[in-house]
Amino acid sequence: MNRDDFLNMYGLDEYSLIELGINWIDLYNIIQDYKKSIDIYDARITYVANVLREHPKVHSVKARVKDPKRLLQKIVRKTPDRRRKYGAHFNFSIENYKDEITDLMGIRVIHIFKDDWEEIHNFITNKWNVVEIVANIREGDNVKTFEEKSIPVRSRVSGYRSVHYLIKYGAEHDLSIIEIQVRTIFEEGYGEIDHQLRYSHDDDIPEVLAQNLMLLNRIAGSSDEMASLINMLNQSFSDIEYKYNKKLKNKNDMLRNLRQKIYENDSLNKEERQSIVNDIDNIIWGDRPKNLRR
């Protein structure tokens, strides 16, 4: 494959490569190496995703192995950042790209209520070797829960919210990094809309869209709070109902025992006995809806 065919196939800009001093041959070698691992990555990420799906607090799970085209585009985009970190002579290579690009395998875990996160967090940290956790937040968010667990927080100008985990998974001699993103269903909706708009505008979206995205972000955050409140109220009502039903059962059990003793009492005639039993039955069944009475 020649250079022009390669650049066209993977949507790479020749002038960007020249400006950054990136040799297209290095990119070609990386993509050839990456393609050899895709089937293994797919098997690993499928297994981890299926384990996460079994957790009762998980609403849904999405999993993907990074598309080769997206990988190369990300390598080009991340090169300036890595040079600031490692020095001006840094370039991505077969030897380092798997360590530097940590989302070659990505899993997104969606849950309904904000409070569900803690159980999912405990499950992930107990199940796998977690090498990094970062909580992405919007400026002004309550970070107490993350601080209590010593989880670093990163404030995002876009308002993006999600807790990211990097886990090591695979054979002992061939461990891979898998990124797991955990967020609520409202955070997922906002994140998808934000990502699509920013991607379509090369991350430089018009001001009017940016302002309305922030409005949507506040609405999504308020929706999360409202959902949490509704869930809390529902749990309170469930607790009250449970306690009431328990007391009702205890009362009815006592009345049934009394009913049995009356039947066994020979000092009462048949009519007296039946009259008292009827009164007890009325007390027992009077607490139930009509459609459940005998």
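Above this text you will find the structure in question.
Residues numbered from 1 in each chain as written. Predicted model: local features only at pLDDT ≥ 70, side-chain atom pairs only at ≥ 80, totals over all residues. Heavy atoms only, no water.

Helix and strand content of the protein chain: 10 helices and six strands. Its C-alpha atoms give the protein chain a radius of gyration of 30 Å, clearly above 19 Å, the size a compact globule of 294 residues would have. Expressed along its principal axes, the backbone C-alpha trace of the protein chain runs to roughly 110 × 50 × 35 Å. Counting only residues that meet the buried cut, the protein chain has 37% of its 294 residues in that class. Summarising the internal contacts of the protein chain: among those between residues at least 6 apart in sequence, 64% fall at separations of at least 24. Accessible surface for the protein chain amounts to roughly 18500 Å². Of this, 50% is attributable to carbon and sulfur atoms. Charged side chains of the protein chain number 46 positive and 48 negative; the gap between the two group centres comes to 5 Å. (Helix = DSSP H or I, 4+ residues; strand = E, 2+ residues; numbered from the N terminus. Rg over C-alpha atoms; globule rule 2.2 N^0.38 Å. Buried < 20%, exposed > 50% of the residue type's maximum accessible area, 1.4 Å probe, protein only. Contact = heavy atoms within 4.5 Å. Areas by Shrake-Rupley, 256 points an atom, 1.4 Å probe, with all protein chains shown as cover. Lys, Arg positive; Asp, Glu negative; His and termini not counted. Charge placed at Lys NZ, Arg CZ, Asp CG, Glu CD.)

Moving on, we get to the pairing of strand β2 (residues 105–111). Judged by how many residues are buried, β2 sits mostly within the fold: six of seven residues are covered. Bridging between strand β1 (residues 60–65) and β2 involves six bridges; their strand directions are antiparallel. Bridged to Val61 within β2 is Val109. Judged from the six bridges that link them, β2 and strand β6 (residues 174–184) form a sheet pairing that is parallel. Residue pairing for β6: Ile107 is matched across the bridge by Ile180. (Pairing = 2+ DSSP bridges.)

Another aspect to go through is the sheet that holds strand β4 (residues 153–155). Remark on secondary structure: sheet strands pair via backbone hydrogen bonds, oriented parallel or antiparallel. A sheet is described by the order of its strands in space; here six strands give the open sequence β1-β2-β6-β5-β3-β4, paired in mixed fashion. In this open sheet, the two edge strands, each paired with only one partner strand, are β1 and β4. Along the sheet, successive strands turn relative to each other by an average axial angle of 25°, direction set aside. Examined bridge by bridge, strand β3 (residues 129–137) and β4 share three bridges and lie parallel to one another. Considered in β4, the bridge of Ala135 is made with Val153. Its contacts with the sheet put helix α6 (residues 117–127) on β2, β3, β5 (162–171) and β6, and the angle it makes with β5 is roughly 25°. (Axes fitted to C-alpha atoms, helices over the stretch in contact; angles between N-to-C directions.)

Residue Ser37 marks the point of greatest curvature in helix α3 (residues 24–53), where the axis turns by about 40°. Between the side-chain oxygen of the N-cap and the backbone nitrogen of Ile25 there are 2.9 Å, and the N-cap of α3 in question is Asn23. (Bend = angle between axes of the 7 residues up to and from the residue. Polar contact = N/O pair within 3.5 Å; in protein donor to acceptor, adjacent residues only side chain to side chain.)

What follows concerns helix α4 (residues 68–86). The sharpest bend along α4 reaches about 45° and sits at Lys78, with the proline Pro80 one to four residues further on. Those residues of α4 that sit buried are Pro68, Leu71, Leu72, Lys74, Ile75, Val76, Thr79, Arg82 and Arg83. The inward-facing, buried residues of α4 contact α1 (3–9), α2 (14–20), α3 and α5 (97–100). The residue sitting at the N-terminus of α4 and contributing the capping side-chain oxygen is Asp67; that oxygen lies 2.9 Å from the backbone nitrogen of Lys69.

Let us now look at the environment of Gln181. For Gln181, the position within the fold is in strand β6. Judged by its relative accessible area of 12%, Gln181 falls in the buried class. Along the chain, Gln181 and Ala171 lie 10 residues apart, while their C-alpha atoms are 23 Å from each other. Those residues in contact with Gln181 that sit more than four places away from it in its chain are Ile107, Arg108, Val109, Tyr160, Ser162, Val163 and His164. Within polar-contact distance, the side chain of Gln181 engages the side chain of Arg108 at 3.4 Å.

For the rest of this paragraph, the subject is the packing of aromatic side chains. Within this structure, the stated rule accounts for 11 aromatic pairs. Taking the centre distance of 5.6 Å and the plane angle of 45° together, the rings of Phe6 and Trp24 count as tilted. In this pair, Phe6 is assigned in helix α1 and Trp24 in helix α3, connecting sequence segments 18 residues apart. For the pair shown, Phe6 and Trp24 are each scored as buried. Taking 5.8 Å as the distance between ring centres and 70° as the angle between the ring planes, the aromatic pair formed by Phe6 and Tyr28 counts as edge-to-face. (Phe/Tyr/Trp six-rings, centres within 6.5 Å; stacked < 30°, edge-to-face > 60°.)

So, on to the nonpolar core. By size, the foremost hydrophobic cluster in this structure holds 49 residues, and its most contacted members are Phe6, Leu27, Leu52, Ile107, Ile124 and Ile180. The greatest single-element share of this core, amounting to 11 residues, is contributed by α3. Residues in contact with Ile107, not counting those within four places in the same chain, are Ile45, Val48, Ala49, Leu52, Val61, Lys62, Ala63, Ile178, Glu179, Ile180 and Gln181. Counting five residues, the second largest nonpolar core, distinct from the first, contains Ile205, Leu213, Met214 and Ala220. (Core = buried A, V, L, I, M, F, W, Y, C linked by side-chain atoms within 4.5 Å.)

Moving on to a nonpolar patch on the surface. A cluster of nonpolar residues, Met226, Leu229, Ile230, Met232, Leu233, Phe237 and Ile240, forms a patch on the protein surface that exposes about 720 Å² of accessible area. Here Leu229 lies in helix α9 (residues 207–263). Looking at Leu229, the relative accessible area reads 37%, which means it is partly exposed. (Patch = residues over 30% accessible without salt bridge, like charges linked within 9 Å, V, L, I, M, F, W, Y side chains within 5 Å. Salt bridge = Lys/Arg side-chain N within 4 Å of Asp/Glu carboxyl O.)

What is shown is where atoms sit, not what they do.
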